[in-house]
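# Structural features, examined
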Amino acid sequence: MPLIFCNVGWMKYYNGIDGDSIERGGEYNQHSTGHEVCNFSDNAGTLYGYVQPTGRINIEKLGASKVDEFIGGMTVVWTAGPVTGGTVVVGWYKDATVYRDAQIIEKPSKLQRKNGISSFRIKAPTSKAVLLPVEQRELVIPRAVKGGIGQSNVWYADKEESREIVRSVVALIDSGTPSPLPDVDCIESTLEGNPRFVAHLRRERNSKIVKAKKSATLRATGKLCCEACGFDFKEVYGDAGDGFCEVHHIHPLSKADGVVKTELSDLAIVCSNCHRIIHRSNPMLSIQNLSKRVSCQRS
Ligand SMILES: [Zn+2]
Ligand SMILES: [Zn+2]
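All figures in this text were calculated on a predicted structure; none of them were measured in a lab.

Helix and strand content of the chain: eight helices and nine strands. Counting all 299 residues of the chain, 36% fall into the buried class. Sequence separation of 24 or more characterises 67% of the internal contacts of the chain that already satisfy a separation of 6 or more.

Printed below as a string of structure tokens:
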């Protein structure tokens, strides 16, 4: 599937600026003009999307010939980054037509006119588009790393190193929408618009790596004691607590985001109480720091 990534300002609905807001981060978006505020506003069955490229959209990279003015049948992945950091997939158009240059919307809707939207660069049937709700914008697209999205708002993901990212995006599109995080130990409002934090929690719930950490710890110590307070579920709850603990990822997602390999040494065994306390602070507490606090309070 040929993909093109378009980065725009962060909004909840892209359905006009009223009742919404647009956020843009740093130099990444300095050329944007806010023309994307109606990217998911239906106009008689069609969406008219706007992205601010550097120059023209290089549709040859998508398979068009030099004389073509547009190319159809594209999948356009919309990305954005809230001020809380990280660039995530916010939605997509399938069956989209991508134009080399900005086009005039022939019959702008009332809403488009109200928002001063008169041109577009990409159009697609509304029925073929998905805008993810804010709490499901979890797929982080790495930036400033090899194979990751660069400084431009339009990205063709055509490098060998980008394959992994493309694969996860295609999986997301094929699966519809990601399942909500189970057992989220944080209030909704913390999660909302904080994709880095959501990605962090998702990594901690990756059952493969969690299992590996638990069995390595069991092999080494014979139990699963909280590294901050020493709590052992088995010791306190007997069989009901056998094999239970939570696993905390000690590094927050960095600027590079996304596809970061997790080593077992990046993980810590924690009890549920300590885990919540760790995540209650921003930036989160280190295991050492929490451990010190616990022993101070106890003595
Ligand atoms: Zn603990
Ligand atoms: Zn954690």
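Anyway, onward from the coordinates.
What follows deals with the environment of L290. Position of L290 among the secondary structure elements: in helix 8 (residues 287-298). Between the alpha carbons of L290 and C274 there is a distance of 7.8 Å; along the sequence they are 16 residues apart. Sequence-distant contacts of L290, that is, excluding residues within four places in its chain, are made with A228, C274, I277, I278 and L285.

With 48 residues, the main nonpolar core has V76 and V98 as its most contacted residues. Ranked by residues supplied to this core, first place goes to strand 4 (residues 88-104) with seven residues. Each of domain 1 (3-175) and domain 2 (187-298) gives at least three residues to this core. Among all residues touching V98, those that are not within four sequence positions of it are I4, I57, I59, L62, F70, I71, M74, V76 and I122. V247, L267, I269 and C271 belong to the second-largest nonpolar core, a separate cluster that totals 15 residues.

This brings us to the pairing of strand 3 (residues 70-80). Counting buried positions along strand 3 gives eight out of 11 residues, so the element sits mostly inside the fold. Two elements, strand 1 (residues 3-8) and strand 3, share six bridges in a ladder whose sense is parallel. Across the sheet, residue V8 finds its bridge partner in strand 3, namely A80. In the sheet, strand 3 pairs with strand 4 via eight bridges, with the strands oriented antiparallel. If you follow A80 over to strand 4, its bridge partner there is V88.

Looking at helix 7 (residues 272-280), one finds that the buried residues are C274, H275 and I278. Down the axis of helix 7, the buried set is contained in an arc of 105 degrees. They therefore lie on one face.

Okay, unusual backbone geometry next. Glycine aside, residues mostly have negative phi angles, and peptide bonds mostly take the trans form. In this structure, Y14 takes a positive phi of about 50 degrees despite not being glycine. The topology assignment puts Y14 in the loop between strand 1 and strand 2 (46-49). The exposure class assigned to Y14 is buried, which follows from the 25 C-beta atoms found within 10 Å. With a phi angle near 60 degrees, D95 is a residue other than glycine that sits in the positive phi range. With respect to the secondary-structure elements, D95 resides in strand 4.

Taken across its six residues, strand 1 has six buried, putting it largely inside the fold. Side chains L3, F5 and N7 of strand 1 all project onto a buried face; the interleaved residues I4, C6 and V8 project onto the opposite face, where all are buried too. By the bridge criterion, two bridges tie strand 1 to strand 7 (residues 154-155) in an arrangement that is antiparallel. Bridged to C6 within strand 7 is V154.

Taken residue by residue, the chain gives an average pLDDT of 85. The fraction at 70 or more is 86%. A low-confidence stretch, residues 26-31 stays under pLDDT 50, and its non-local contacts, those more than four residues away or across chains, total five contacts.

Rules of the game
- Residues numbered from 1 in each chain as written.
- Chains lettered and ligands numbered in written order.
- Predicted model: local features only at pLDDT ≥ 70, side-chain atom pairs only at ≥ 80, totals over all residues.
- Helix = DSSP H or I, 4+ residues; strand = E, 2+ residues; numbered from the N terminus.
- Buried ≥ 20, exposed ≤ 12 C-beta atoms within 10 Å, placed from the backbone.
- Contact = placed C-beta atoms within 7 Å.
- Core = buried A, V, L, I, M, F, W, Y, C linked by C-beta atoms within 7 Å.
- Domains from an automatic or database assignment.
- Pairing = 2+ DSSP bridges.
- Arc of directions from axis to C-beta.
- pLDDT = per-residue confidence, 0-100.

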